[in-house]
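Topology and contacts: notes
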Amino acid sequence: MILVTGGAGFIGANFVLDWLDCSDEPVINLDKLTYAGNLGNLASLKRDTRHIFVRGDIGDRNLVLHLLSLYRPRAIVNFAAESHVDRSIHGPADFIATNIVGTFALLDAARGYWNTLTGNELAQFRFVHISTDEVYGSLEPAAAPFSETNAYAPNSPYSASKASADHLVRSYQHTYGLPTLTTNCSNNYGPRQFPEKLIPLMLYNALAGKPLPVYGDGGNVRDWLYVGDHCAAIRMVLEQGRPGETYNVGGNAEIANIDVVRTLCRVLGEQKPGCDAESLITFVKDRAGHDRRYAIDASKIRRELGWEPSETFESGIARTVAWYLDNAGWLAAVTSGEYKNWISLNYAAEVA
Ligand code: NAD
Ligand code: DAU
(Lines give C-alpha, C1' and ligand atoms only; values in the text may rest on other atoms or scores of the structure.)
(Ligands and ions follow the chains in the order given, each with its own letter.)
Protein backbone atom coordinates (compact mmCIF):
# COMPACT_ATOMS: atom_id res chain seq x y z
CA MET A 1 0.00 0.00 0.00
CA ILE A 2 0.90 3.65 -0.17
CA LEU A 3 0.60 6.47 2.38
CA VAL A 4 -0.90 9.67 0.99
CA THR A 5 -0.88 12.85 3.08
CA GLY A 6 -3.37 15.66 2.50
CA GLY A 7 -5.63 13.26 0.62
CA ALA A 8 -8.84 15.05 1.65
CA GLY A 9 -7.80 18.26 -0.14
CA PHE A 10 -8.26 19.16 -3.78
CA ILE A 11 -5.36 17.41 -5.55
CA GLY A 12 -4.89 14.73 -2.88
CA ALA A 13 -8.53 13.61 -3.07
CA ASN A 14 -8.43 13.53 -6.87
CA PHE A 15 -5.22 11.50 -6.62
CA VAL A 16 -6.74 8.96 -4.18
CA LEU A 17 -9.88 8.57 -6.30
CA ASP A 18 -7.88 8.15 -9.52
CA TRP A 19 -5.43 5.77 -7.81
CA LEU A 20 -8.20 3.45 -6.66
CA ASP A 21 -9.79 3.65 -10.13
CA CYS A 22 -6.52 2.50 -11.69
CA SER A 23 -5.43 -0.14 -9.15
CA ASP A 24 -6.45 -2.17 -6.13
CA GLU A 25 -3.44 -1.15 -4.08
CA PRO A 26 -4.76 0.27 -0.77
CA VAL A 27 -4.18 3.84 0.38
CA ILE A 28 -3.70 5.13 3.92
CA ASN A 29 -4.82 8.74 3.84
CA LEU A 30 -3.38 10.97 6.59
CA ASP A 31 -5.06 14.38 6.69
CA LYS A 32 -5.47 16.96 9.43
CA LEU A 33 -8.80 18.15 7.97
CA THR A 34 -8.05 21.85 8.04
CA TYR A 35 -10.62 24.18 6.43
CA ALA A 36 -9.33 22.86 3.06
CA GLY A 37 -9.71 19.18 3.92
CA ASN A 38 -13.11 17.71 3.13
CA LEU A 39 -14.18 14.12 3.64
CA GLY A 40 -17.07 14.88 1.28
CA ASN A 41 -14.44 14.67 -1.47
CA LEU A 42 -14.03 10.99 -0.63
CA ALA A 43 -17.69 10.13 -0.05
CA SER A 44 -17.64 7.52 -2.84
CA LEU A 45 -15.00 5.56 -0.87
CA LYS A 46 -17.05 5.34 2.33
CA ARG A 47 -17.43 1.57 2.17
CA ASP A 48 -14.24 0.89 0.23
CA THR A 49 -11.85 -1.17 2.36
CA ARG A 50 -8.94 -0.13 0.13
CA HIS A 51 -9.09 3.37 1.65
CA ILE A 52 -8.01 3.88 5.27
CA PHE A 53 -8.56 7.43 6.50
CA VAL A 54 -6.62 8.72 9.53
CA ARG A 55 -7.18 12.23 10.85
CA GLY A 56 -3.81 13.59 11.95
CA ASP A 57 -0.94 15.98 11.39
CA ILE A 58 2.14 15.25 9.25
CA GLY A 59 4.03 17.07 12.00
CA ASP A 60 3.09 14.35 14.52
CA ARG A 61 6.21 12.21 14.15
CA ASN A 62 5.01 9.49 16.54
CA LEU A 63 1.71 9.10 14.70
CA VAL A 64 3.48 8.89 11.34
CA LEU A 65 6.00 6.34 12.68
CA HIS A 66 3.13 4.29 14.10
CA LEU A 67 1.30 4.30 10.74
CA LEU A 68 4.47 3.38 8.87
CA SER A 69 5.32 0.44 11.11
CA LEU A 70 1.69 -0.77 11.19
CA TYR A 71 0.93 -0.59 7.46
CA ARG A 72 4.44 -0.81 5.95
CA PRO A 73 3.67 1.32 2.85
CA ARG A 74 5.98 1.09 -0.15
CA ALA A 75 5.73 4.84 -0.70
CA ILE A 76 4.71 8.15 0.81
CA VAL A 77 3.12 10.79 -1.43
CA ASN A 78 3.11 14.11 0.38
CA PHE A 79 0.35 16.52 -0.65
CA ALA A 80 -0.32 17.93 2.84
CA ALA A 81 0.22 21.68 2.93
CA GLU A 82 -1.27 25.06 3.47
CA SER A 83 -1.75 25.96 -0.18
CA HIS A 84 -3.38 29.37 -0.64
CA VAL A 85 -1.09 32.34 -1.39
CA ASP A 86 -3.58 34.98 -0.15
CA ARG A 87 -3.95 33.21 3.20
CA SER A 88 -0.17 33.09 3.51
CA ILE A 89 -0.13 36.88 3.14
CA HIS A 90 -2.75 37.36 5.86
CA GLY A 91 -1.25 34.77 8.23
CA PRO A 92 2.01 32.97 7.40
CA ALA A 93 2.39 31.03 10.68
CA ASP A 94 0.38 27.95 9.63
CA PHE A 95 2.44 27.77 6.43
CA ILE A 96 5.68 27.59 8.39
CA ALA A 97 4.21 25.02 10.80
CA THR A 98 2.89 22.60 8.16
CA ASN A 99 4.92 23.22 5.03
CA ILE A 100 8.31 23.48 6.72
CA VAL A 101 8.19 21.98 10.22
CA GLY A 102 5.55 19.40 9.25
CA THR A 103 7.43 18.29 6.14
CA PHE A 104 10.58 17.98 8.24
CA ALA A 105 8.81 15.72 10.77
CA LEU A 106 7.34 13.60 7.96
CA LEU A 107 10.74 13.25 6.28
CA ASP A 108 12.40 12.32 9.53
CA ALA A 109 9.79 9.68 10.32
CA ALA A 110 10.16 8.35 6.77
CA ARG A 111 13.91 8.10 7.26
CA GLY A 112 13.45 6.24 10.56
CA TYR A 113 11.12 3.73 8.88
CA TRP A 114 13.24 3.41 5.73
CA ASN A 115 16.29 2.60 7.91
CA THR A 116 14.48 -0.50 9.18
CA LEU A 117 13.72 -1.85 5.68
CA THR A 118 15.62 -4.64 3.94
CA GLY A 119 15.49 -6.48 0.61
CA ASN A 120 12.63 -5.61 -1.75
CA GLU A 121 10.96 -3.27 0.73
CA LEU A 122 14.16 -1.23 0.91
CA ALA A 123 14.70 -1.26 -2.86
CA GLN A 124 11.12 -0.19 -3.66
CA PHE A 125 10.55 2.54 -1.07
CA ARG A 126 9.92 6.07 -2.42
CA PHE A 127 9.10 9.45 -0.88
CA VAL A 128 7.30 11.65 -3.43
CA HIS A 129 7.00 15.31 -2.48
CA ILE A 130 4.41 17.46 -4.27
CA SER A 131 5.59 21.01 -4.80
CA THR A 132 4.86 24.02 -6.92
CA ASP A 133 6.27 26.13 -9.75
CA GLU A 134 5.99 29.18 -7.44
CA VAL A 135 9.34 28.29 -5.85
CA TYR A 136 11.02 29.67 -8.99
CA GLY A 137 9.57 33.16 -8.55
CA SER A 138 8.17 35.34 -11.32
CA LEU A 139 9.06 35.31 -15.06
CA GLU A 140 9.55 38.33 -17.32
CA PRO A 141 7.13 38.31 -20.29
CA ALA A 142 9.64 36.94 -22.82
CA ALA A 143 11.65 34.69 -20.48
CA ALA A 144 11.88 30.94 -21.09
CA PRO A 145 9.55 28.78 -18.96
CA PHE A 146 10.86 27.34 -15.67
CA SER A 147 13.04 24.27 -16.06
CA GLU A 148 14.30 22.07 -13.22
CA THR A 149 17.62 23.94 -13.21
CA ASN A 150 16.14 27.40 -12.57
CA ALA A 151 17.30 28.99 -9.32
CA TYR A 152 14.74 29.16 -6.52
CA ALA A 153 13.42 32.70 -5.90
CA PRO A 154 10.18 32.39 -3.90
CA ASN A 155 8.25 35.63 -3.38
CA SER A 156 5.34 34.86 -1.03
CA PRO A 157 5.32 33.27 2.43
CA TYR A 158 3.55 30.31 0.76
CA SER A 159 6.18 29.81 -1.94
CA ALA A 160 9.01 30.41 0.53
CA SER A 161 7.61 27.70 2.79
CA LYS A 162 7.31 25.29 -0.15
CA ALA A 163 10.86 26.15 -1.26
CA SER A 164 12.11 25.39 2.27
CA ALA A 165 10.33 22.05 2.21
CA ASP A 166 11.85 21.22 -1.20
CA HIS A 167 15.32 21.99 0.19
CA LEU A 168 14.74 19.71 3.17
CA VAL A 169 13.59 16.92 0.84
CA ARG A 170 16.68 17.42 -1.31
CA SER A 171 18.93 17.32 1.75
CA TYR A 172 17.41 14.06 3.03
CA GLN A 173 18.19 12.46 -0.32
CA HIS A 174 21.68 13.92 -0.58
CA THR A 175 22.73 13.36 3.04
CA TYR A 176 20.93 10.17 4.05
CA GLY A 177 20.14 8.60 0.69
CA LEU A 178 16.37 8.61 1.30
CA PRO A 179 14.86 7.87 -2.16
CA THR A 180 12.94 11.10 -2.68
CA LEU A 181 11.37 12.57 -5.81
CA THR A 182 9.93 16.08 -6.09
CA THR A 183 7.36 17.40 -8.55
CA ASN A 184 6.99 21.15 -9.18
CA CYS A 185 3.65 21.73 -10.81
CA SER A 186 1.79 24.70 -12.25
CA ASN A 187 -1.75 25.86 -11.37
CA ASN A 188 -4.24 23.02 -11.15
CA TYR A 189 -7.98 23.25 -11.72
CA GLY A 190 -10.81 20.73 -11.84
CA PRO A 191 -13.41 19.04 -9.64
CA ARG A 192 -13.31 19.48 -5.83
CA GLN A 193 -11.16 22.62 -5.73
CA PHE A 194 -11.98 24.81 -2.75
CA PRO A 195 -13.59 28.07 -3.93
CA GLU A 196 -10.88 30.33 -2.56
CA LYS A 197 -8.76 29.69 -5.69
CA LEU A 198 -9.37 31.64 -8.91
CA ILE A 199 -11.44 29.24 -11.02
CA PRO A 200 -13.84 27.81 -8.40
CA LEU A 201 -14.18 31.23 -6.72
CA MET A 202 -15.24 32.80 -10.02
CA LEU A 203 -17.65 29.93 -10.70
CA TYR A 204 -19.18 30.21 -7.24
CA ASN A 205 -19.58 33.98 -7.52
CA ALA A 206 -20.95 33.79 -11.05
CA LEU A 207 -23.59 31.27 -9.97
CA ALA A 208 -24.48 33.50 -7.02
CA GLY A 209 -24.62 36.64 -9.21
CA LYS A 210 -21.77 38.23 -7.23
CA PRO A 211 -18.86 40.32 -8.63
CA LEU A 212 -15.90 38.39 -10.12
CA PRO A 213 -12.88 40.01 -8.42
CA VAL A 214 -9.90 40.13 -10.81
CA TYR A 215 -6.74 41.34 -9.07
CA GLY A 216 -4.84 44.31 -10.56
CA ASP A 217 -5.07 44.58 -14.36
CA GLY A 218 -5.85 40.88 -14.87
CA GLY A 219 -2.65 40.46 -16.89
CA ASN A 220 -0.93 38.00 -14.55
CA VAL A 221 -0.22 34.76 -16.35
CA ARG A 222 -0.48 31.21 -15.03
CA ASP A 223 0.09 27.84 -16.74
CA TRP A 224 -3.11 25.83 -16.18
CA LEU A 225 -3.20 22.05 -15.78
CA TYR A 226 -6.25 19.82 -15.35
CA VAL A 227 -5.94 18.01 -12.00
CA GLY A 228 -6.35 14.53 -13.49
CA ASP A 229 -3.29 15.15 -15.67
CA HIS A 230 -1.30 16.16 -12.59
CA CYS A 231 -2.38 12.96 -10.82
CA ALA A 232 -1.25 10.89 -13.82
CA ALA A 233 2.14 12.63 -13.74
CA ILE A 234 2.57 11.83 -10.03
CA ARG A 235 1.76 8.15 -10.62
CA MET A 236 4.42 8.05 -13.35
CA VAL A 237 7.00 9.78 -11.15
CA LEU A 238 6.29 7.30 -8.36
CA GLU A 239 6.63 4.24 -10.61
CA GLN A 240 9.36 5.31 -13.03
CA GLY A 241 11.02 8.46 -11.70
CA ARG A 242 14.67 8.44 -10.72
CA PRO A 243 15.22 8.94 -6.97
CA GLY A 244 16.88 12.27 -6.24
CA GLU A 245 15.33 13.93 -9.31
CA THR A 246 12.83 16.75 -9.57
CA TYR A 247 10.23 16.93 -12.35
CA ASN A 248 8.43 20.05 -13.56
CA VAL A 249 4.79 19.43 -14.51
CA GLY A 250 2.72 21.92 -16.51
CA GLY A 251 -0.19 22.23 -18.88
CA ASN A 252 1.31 24.08 -21.89
CA ALA A 253 -1.52 26.51 -21.25
CA GLU A 254 -0.20 29.96 -20.36
CA ILE A 255 -3.21 32.24 -19.99
CA ALA A 256 -3.73 35.70 -18.49
CA ASN A 257 -6.18 35.75 -15.59
CA ILE A 258 -8.67 37.98 -17.39
CA ASP A 259 -8.78 35.49 -20.27
CA VAL A 260 -9.27 32.60 -17.85
CA VAL A 261 -12.23 34.42 -16.33
CA ARG A 262 -13.73 35.36 -19.71
CA THR A 263 -13.41 31.77 -20.94
CA LEU A 264 -15.05 30.55 -17.76
CA CYS A 265 -17.95 32.97 -18.27
CA ARG A 266 -18.41 31.83 -21.86
CA VAL A 267 -18.37 28.12 -20.98
CA LEU A 268 -20.74 28.73 -18.08
CA GLY A 269 -23.11 30.53 -20.47
CA GLU A 270 -22.95 27.55 -22.87
CA GLN A 271 -23.72 25.01 -20.15
CA LYS A 272 -26.24 27.13 -18.26
CA PRO A 273 -28.16 29.09 -20.88
CA GLY A 274 -29.15 32.54 -19.68
CA CYS A 275 -26.20 32.88 -17.31
CA ASP A 276 -24.38 36.10 -18.30
CA ALA A 277 -21.41 36.22 -15.92
CA GLU A 278 -19.04 38.41 -17.93
CA SER A 279 -20.85 41.56 -16.83
CA LEU A 280 -19.90 40.66 -13.23
CA ILE A 281 -16.13 41.03 -13.84
CA THR A 282 -14.72 43.62 -11.43
CA PHE A 283 -11.09 44.74 -11.18
CA VAL A 284 -9.99 44.95 -7.53
CA LYS A 285 -6.86 45.84 -5.56
CA ASP A 286 -3.86 43.70 -6.53
CA ARG A 287 -2.43 40.91 -4.37
CA ALA A 288 0.64 42.09 -2.41
CA GLY A 289 3.85 40.95 -4.13
CA HIS A 290 1.78 39.40 -6.96
CA ASP A 291 3.98 37.24 -9.23
CA ARG A 292 3.42 38.35 -12.82
CA ARG A 293 4.00 35.17 -14.77
CA TYR A 294 4.58 31.44 -14.27
CA ALA A 295 5.22 28.96 -17.07
CA ILE A 296 6.55 25.42 -16.99
CA ASP A 297 8.94 23.65 -19.31
CA ALA A 298 7.74 20.06 -18.91
CA SER A 299 10.16 18.56 -21.42
CA LYS A 300 12.05 16.50 -18.81
CA ILE A 301 9.02 14.51 -17.62
CA ARG A 302 7.86 14.11 -21.22
CA ARG A 303 11.28 12.88 -22.36
CA GLU A 304 12.11 10.64 -19.40
CA LEU A 305 8.72 9.31 -18.38
CA GLY A 306 6.53 9.86 -21.44
CA TRP A 307 4.02 12.06 -19.59
CA GLU A 308 1.92 14.63 -21.43
CA PRO A 309 -1.31 16.37 -20.45
CA SER A 310 -4.38 14.84 -22.04
CA GLU A 311 -6.70 17.83 -21.55
CA THR A 312 -6.48 21.20 -23.26
CA PHE A 313 -7.61 24.21 -21.23
CA GLU A 314 -10.81 24.33 -23.30
CA SER A 315 -11.68 20.64 -22.67
CA GLY A 316 -10.60 20.75 -19.01
CA ILE A 317 -12.60 23.86 -18.23
CA ALA A 318 -15.71 22.36 -19.85
CA ARG A 319 -15.38 19.27 -17.61
CA THR A 320 -14.78 21.48 -14.58
CA VAL A 321 -17.82 23.71 -15.16
CA ALA A 322 -19.97 20.61 -15.71
CA TRP A 323 -18.75 19.10 -12.44
CA TYR A 324 -19.56 22.24 -10.42
CA LEU A 325 -23.00 22.51 -12.03
CA ASP A 326 -23.70 18.85 -11.22
CA ASN A 327 -22.42 19.16 -7.65
CA ALA A 328 -24.26 22.16 -6.25
CA GLY A 329 -24.56 20.36 -2.89
CA TRP A 330 -20.78 20.04 -2.59
CA LEU A 331 -20.36 23.76 -3.30
CA ALA A 332 -23.07 24.73 -0.82
CA ALA A 333 -21.50 22.58 1.90
CA VAL A 334 -17.98 24.01 1.54
CA THR A 335 -19.15 27.61 1.34
CA SER A 336 -21.14 27.58 4.56
CA GLY A 337 -19.74 28.86 7.87
CA GLU A 338 -16.04 29.73 7.98
CA TYR A 339 -15.80 30.37 4.23
CA LYS A 340 -17.69 33.64 4.55
CA ASN A 341 -15.18 34.96 7.13
CA TRP A 342 -12.35 34.39 4.67
CA ILE A 343 -14.16 36.19 1.85
CA SER A 344 -14.83 39.25 3.99
CA LEU A 345 -11.22 39.31 5.25
CA ASN A 346 -9.57 38.96 1.81
CA TYR A 347 -11.88 41.08 -0.29
CA ALA A 348 -12.76 43.61 2.44
CA ALA A 349 -15.21 46.24 1.19
CA GLU A 350 -14.33 45.80 -2.46
CA VAL A 351 -16.61 42.92 -3.30
CA ALA A 352 -19.95 42.34 -1.69
P1 NAD B 1 -5.51 21.95 -0.51
O2 NAD B 1 -5.33 23.16 0.33
O3 NAD B 1 -6.77 21.79 -1.29
O4 NAD B 1 -5.39 20.64 0.41
C5 NAD B 1 -4.41 20.49 1.39
C6 NAD B 1 -4.78 19.29 2.26
O7 NAD B 1 -3.74 19.12 3.23
C8 NAD B 1 -6.08 19.48 3.04
O9 NAD B 1 -6.86 18.29 2.95
C10 NAD B 1 -5.63 19.72 4.46
O11 NAD B 1 -6.56 19.29 5.44
C12 NAD B 1 -4.34 18.93 4.51
N13 NAD B 1 -3.40 19.39 5.52
C14 NAD B 1 -3.02 20.68 5.77
N15 NAD B 1 -2.14 20.72 6.79
C16 NAD B 1 -1.94 19.43 7.17
C17 NAD B 1 -1.12 18.82 8.16
N18 NAD B 1 -0.34 19.53 8.96
N19 NAD B 1 -1.15 17.47 8.27
C20 NAD B 1 -1.95 16.73 7.49
N21 NAD B 1 -2.75 17.25 6.54
C22 NAD B 1 -2.74 18.58 6.39
O23 NAD B 1 -4.25 21.88 -1.43
P24 NAD B 1 -4.10 21.37 -2.94
O25 NAD B 1 -4.41 22.47 -3.86
O26 NAD B 1 -4.78 20.06 -3.07
O27 NAD B 1 -2.50 21.17 -3.00
C28 NAD B 1 -1.92 19.92 -2.61
C29 NAD B 1 -0.42 20.04 -2.74
O30 NAD B 1 -0.07 20.35 -4.08
C31 NAD B 1 0.21 21.15 -1.88
O32 NAD B 1 1.42 20.66 -1.38
C33 NAD B 1 0.42 22.28 -2.86
O34 NAD B 1 1.50 23.08 -2.44
C35 NAD B 1 0.74 21.52 -4.12
N36 NAD B 1 0.40 22.21 -5.37
C37 NAD B 1 -0.85 22.72 -5.57
C38 NAD B 1 -1.17 23.32 -6.79
C39 NAD B 1 -2.53 23.89 -7.07
O40 NAD B 1 -2.72 24.55 -8.09
N41 NAD B 1 -3.53 23.68 -6.21
C42 NAD B 1 -0.19 23.37 -7.80
C43 NAD B 1 1.08 22.85 -7.56
C44 NAD B 1 1.36 22.25 -6.34
O1 DAU C 1 1.38 27.81 -9.46
C2 DAU C 1 0.98 26.78 -8.58
C3 DAU C 1 0.19 27.38 -7.44
O4 DAU C 1 -1.06 27.75 -7.99
C5 DAU C 1 0.01 26.44 -6.26
O6 DAU C 1 1.26 26.18 -5.69
C7 DAU C 1 -0.91 27.07 -5.21
O8 DAU C 1 -1.16 26.13 -4.17
C9 DAU C 1 -2.21 27.42 -5.88
O10 DAU C 1 -3.05 28.08 -4.95
C11 DAU C 1 -1.97 28.33 -7.09
O12 DAU C 1 -1.47 29.64 -6.67
P13 DAU C 1 -2.00 30.99 -7.35
O14 DAU C 1 -1.80 32.10 -6.42
O15 DAU C 1 -1.46 31.12 -8.74
O16 DAU C 1 -3.55 30.58 -7.47
P17 DAU C 1 -4.90 31.40 -7.21
O18 DAU C 1 -6.02 30.56 -7.72
O19 DAU C 1 -5.00 31.91 -5.83
O20 DAU C 1 -4.73 32.65 -8.19
C21 DAU C 1 -4.52 32.47 -9.59
C22 DAU C 1 -4.34 33.84 -10.20
O23 DAU C 1 -5.59 34.54 -10.12
C24 DAU C 1 -3.34 34.71 -9.47
O25 DAU C 1 -2.64 35.50 -10.42
C26 DAU C 1 -4.19 35.59 -8.57
C27 DAU C 1 -5.47 35.76 -9.38
N28 DAU C 1 -6.70 35.92 -8.57
C29 DAU C 1 -6.95 35.01 -7.58
C30 DAU C 1 -8.07 35.16 -6.79
C31 DAU C 1 -8.36 34.17 -5.67
C32 DAU C 1 -7.58 36.95 -8.85
O33 DAU C 1 -7.37 37.75 -9.78
N34 DAU C 1 -8.70 37.07 -8.08
C35 DAU C 1 -8.98 36.23 -7.05
O36 DAU C 1 -10.01 36.42 -6.37
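Everything discussed here concerns the structure shown above.
For the structure given in this document, a descriptive report is provided here.

Rules behind the numbers
- Residues numbered from 1 in each chain as written.
- Chains lettered and ligands numbered in written order.
- Predicted model: local features only at pLDDT ≥ 70, side-chain atom pairs only at ≥ 80, totals over all residues.
- Heavy atoms only, no water.
- Pairing = 2+ DSSP bridges.
- Helix = DSSP H or I, 4+ residues; strand = E, 2+ residues; numbered from the N terminus.
- Axes fitted to C-alpha atoms, helices over the stretch in contact; angles between N-to-C directions.
- Near = heavy atom within 4 Å.
- Polar contact = N/O pair within 3.5 Å; in protein donor to acceptor, adjacent residues only side chain to side chain.
- Areas by Shrake-Rupley, 256 points an atom, 1.4 Å probe, with all protein chains shown as cover.
- Nonpolar A, V, L, I, M, F, W, Y, C, P; charged D, E, K, R; others polar.
- Contact = heavy atoms within 4.5 Å.
- Buried < 20%, exposed > 50% of the residue type's maximum accessible area, 1.4 Å probe, protein only.
- Arc of directions from axis to C-beta.
- 1 Å grid on protein atoms, 1.4 Å probe; cavity = no way out; pocket = protein on both sides within 12 Å on 5 of 7 lines; lining within 4 Å.
- Points joined across faces, edges and corners; volume = space filled by probe spheres on them.

**Details of the sheet that holds strand 7 (residues 187-189)**
- Spatial ordering of the open sheet is given by 7-9-11, a layout of three strands whose pairing is mixed. This sheet does not close on itself; its edge strands, each paired only once, are strand 7 and strand 11 (254-256). When strand polarity is set aside, the average angle formed by the axes of neighbouring strands in this sheet is 50 degrees.
- Pairing geometry for strand 9 (residues 221-226) and strand 11, over three bridges, is antiparallel. Bridge pairing in strand 11 places V221 opposite A256.

**As for the site of ligand 2**
- Taken together, 25 residues lie around ligand 2, and D133, Y158, R287, H290 and Y347 are the ones closest in.
- Measuring from an oxygen atom of ligand 2, one finds a backbone N or O atom of L198 at 2.8 Å.
- One of the side-chain N or O atoms of Y347 is found 2.6 Å from an oxygen atom in ligand 2.
- When ligand 2 sits alone it has 690 Å² of accessible area, and the protein chains cover 95% of it.
- At the level of secondary structure, the elements contributing two or more residues to the shell around ligand 2 comprise helix 3 (85-90), helix 7 (198-208) and strand 8 (212-215).
- In terms of residue count, strand 8 provides more of the shell around ligand 2 than any other element does, three residues in total.
- Tallied by class, residues from the shell around ligand 2 come to ten nonpolar, eight polar and seven charged.

**Some words on the sheet that holds strand 3 (residues 51-55)**
- If you walk across this open sheet you meet the seven strands as 3-2-1-4-5-6-10, and the pairing is parallel. In this open sheet, the two strands that pair with only one neighbour each are strand 3 and strand 10 (246-249). Here the average twist between neighbouring strands, direction ignored, is 20 degrees.
- Relative to strand 3, strand 2 (residues 27-31) runs parallel, the two being bridged by five bridges. Bridge pairing in strand 3 links I28 to I52.
- Lying on the sheet, helix 6 (residues 157-176) is in contact with strand 5 (126-132) and strand 6 (180-185); it crosses strand 5 at an angle near 155 degrees.

**Details of helix 2 (residues 61-71)**
- Within the sequence span of helix 2, burial applies to L63, V64, L67 and L68. Burial along helix 2 is one-sided: seen end-on, the buried residues are contained in an arc of 135 degrees. Pointing more than 90 degrees away from the buried face of helix 2 are the exposed residues N62 and L70.
- Looking at the buried residues of helix 2, the elements they touch are strand 1 (2-5), strand 2, strand 3, strand 4 (75-78) and helix 4 (93-114).
- Of the residues trailing helix 2, R72 is marked for its positive phi of about 50 degrees.

**Things to note about the side chain of T5**
- Its place among the elements puts T5 in strand 1.
- Other than its neighbours up to four places away in sequence, T5 contacts L30, I58, V77, N78, F79, A80 and L106.

**Concerning the layout of surface pockets**
- Its volume calculated, the largest pocket comes out at about 320 Å³.
- Top contributing element to the lining of the largest pocket by residue count: helix 6, with six residues.
- Of the residues belonging to the lining of the largest pocket, the class tally is four nonpolar, nine polar and five charged.

**Section: the site of ligand 1**
- Neighbouring ligand 1 are 29 residues, the closest being I11, D31, S83, Y158 and K162.
- One of the side-chain nitrogen or oxygen atoms of Y158 is found 2.7 Å away from an oxygen atom of ligand 1.
- Burial of ligand 1 by the protein chains amounts to 97% of its free accessible area of 830 Å².
- Contributions of two or more residues to the shell around ligand 1 are made by helix 1 (10-22), strand 5, helix 6 and strand 7.
- Top contributing element to the shell around ligand 1 by residue count: strand 5, with three residues.
- In terms of residue class, the shell around ligand 1 is built from twelve nonpolar, twelve polar and five charged.

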